[in-house]
Amino acid sequence: MPVEENLMQAILLTFGTAMVPVLELRGAIPVGVAAGLSPAVACVVSVLGNMVPVPFILLLIRRIFDWLRGTRLFGPKIAWLERRAHLKGRVVRKYRLPGLIILVAIPLPGTGAWTGALVAALLDIRMRHAVPAIFLGVVIAGAIVTVLTYGVVQLF
């Protein structure tokens, strides 16, 4: 069945794109729509794909950073990432979970699930609180990007 195969390829492409840092669902939803998915399906698949790395980041990023900080190659990059996360985390420090939702929900570069998970890990926000907040932020960002994508598609 070529139609089912194309559908599965579009879903996997969208899901995979959503897991990539920087692109996340901001890039995945337009990719999914361009690949033939409806905006709603592209949004759902992107939200799910965007959430896959979050628990791993929350659980492992501090250990990975501690390990890499000791290397000459990655040490300065880790210090830069931590400074950047702390700067992004100002809103989160001030408002805690609502701040985390806002940080993740704004669909601009430098925000999103990866940044939210990194900030939550560095600010010691417990996983049971961070994951639902990040999920809600991802859903809001997904809705915003879907509406924008749908509007652009309608122009053409």
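Residue indices follow the written sequence of each chain, beginning from 1 at its first position. Local features are withheld for residues below a pLDDT of 70 in this predicted model, meaning they are given only at 70 or higher, and side-chain atom pairs are given and counted only at 80 or more; totals for whole chains, interfaces and linings count all residues. In computing side-chain properties, one takes all heavy atoms of the structure into account and sets aside hydrogens as well as water.

## Section: the UniProt feature "transmembrane region" (unreviewed entry) in the protein chain
Quick reminder of the rule: UniProt positions are given in the numbering used here, feature names are shortened, and annotations may be inferred rather than shown by experiment. Working definition: helices are DSSP H or I runs of at least four residues, strands are E runs of at least two. Numbering for both runs from the N terminus.
In this numbering, the UniProt entry assigns the feature "transmembrane region" (unreviewed entry) to residues 7-25, 37-61, 100-123 and 129-153. Summarising residues 37-61: 88% helix, 0% strand, and an end-to-end C-alpha distance of 33 Å. Taken as a whole, residues 100-123 contains 67% helix and 0% strand, while its terminal C-alpha atoms sit 11 Å from one another.

## Brief notes about empty space enclosed by the protein
Test applied: Both cavities and pockets are sets of points on a 1 Å grid over the protein atoms alone; in a cavity a 1.4 Å probe fits but cannot get out, in a pocket the set is open with protein on both sides within 12 Å along at least five of seven lines, and lining residues sit with an atom within 4 Å of a point. Grid points are joined across faces, edges and corners, and a volume is the space filled by probe spheres set on the points. By the convention adopted, Pro, Cys, Tyr, Trp, Phe, Met, Ile, Leu, Val and Ala count as nonpolar, Lys, Arg, Asp and Glu as charged, and the other residues, Gly among them, as polar.
One pass over the full model with this rule turns up 1 cavity of 30 Å³ or more. One number sums up the size of the largest cavity: a volume of about 40 Å³. Lining the largest cavity are Glu-24, Leu-25, Arg-26, Asn-50, Val-104, Ile-106, Pro-107, Gly-112, Val-138 and Ala-141. Sorting the residues of the lining of the largest cavity by element identifies helix H2 (24-34) and helix H9 (127-155) as the ones contributing at least two each. Looking at which element gives the most residues to the lining of the largest cavity, the answer is H2, with 3 residues. Looking at the lining of the largest cavity residue by residue, the classes come out as 6 nonpolar, 2 polar and 2 charged.

## Points about helix H8 (residues 113-122)
Selection criterion: Three labels apply to residues, based on accessible area from a 1.4 Å probe with only protein chains included: buried if under 20% of the type maximum, exposed if over 50%, partly exposed otherwise in between.
Counting buried positions along H8 gives 9 out of 10 residues, so the element sits mostly inside the fold. Buried within H8 are the following residues: Ala-113, Thr-115, Gly-116, Ala-117, Leu-118, Val-119, Ala-120, Ala-121 and Leu-122.

## Comments concerning the side chain of Glu-82
Just so we agree on the cut-off: Any two residues whose heavy atoms approach within 4.5 Å are treated as being in contact.
Mapped onto the fold, Glu-82 is located in helix H5 (residues 75-88). Using a relative accessible area of 18% as the deciding quantity, one classes Glu-82 as buried. With sequence-adjacent residues up to four places away left out, Glu-82 is seen in contact with Phe-65, Arg-69 and Leu-122.

## Thoughts on the layout of surface pockets
Roughly 340 Å³ of internal volume is contained in the largest pocket. Pro-21, Leu-81, Arg-84, Trp-114 and Thr-115 are the residues nearest the centre of the largest pocket, which is lined by 17 residues in total. When residues of the lining of the largest pocket are traced back to their parent elements, those giving at least two are H2, helix H4 (53-69), H5 and H8. Element by element, the count of residues in the lining of the largest pocket is highest for H5, at 4 residues. Residue composition of the lining of the largest pocket, by class: 10 nonpolar, 3 polar and 4 charged.

## Structural notes on the pattern of salt bridges
Convention followed: The rule for a salt bridge is simple: a side-chain nitrogen of Lys or Arg has to be within 4 Å of a carboxyl oxygen of Asp or Glu.
Across all of its chains, the model carries 3 salt bridges by this definition. One salt bridge connects Asp-124 with Arg-62, and the closest N-O pair in it is separated by 3.4 Å. Here Asp-124, found in the loop between H8 and H9, pairs with Arg-62, found in helix H4; they are 62 residues apart in sequence, far enough to count as distant. Residue Asp-124 is classed as exposed on the basis of its relative accessible area, which comes to 55%. A relative accessible area of 36% means that Arg-62 is categorised as partly exposed. The partner of Arg-69 in a salt bridge is Asp-66, and the shortest N-O contact between them spans 2.7 Å. Linking Arg-69 with Asp-66, this pair stays in helix H4, spanning 3 residues, or about one helical turn. Taking the relative accessible area as the measure of exposure, Arg-69 reaches 35% and is therefore partly exposed.

## Let's talk about helix H3 (residues 39-51)
Spelled out, the test is: A helix is expected to span 1.5 Å for every residue after the first.
With 13 residues, H3 extends 18 Å from end C-alpha to end C-alpha; this agrees with the ideal 18 Å at 1.5 Å per step. Every buried residue of H3 is accounted for by Ala-42, Cys-43, Val-45, Ser-46, Val-47, Gly-49, Asn-50 and Met-51.

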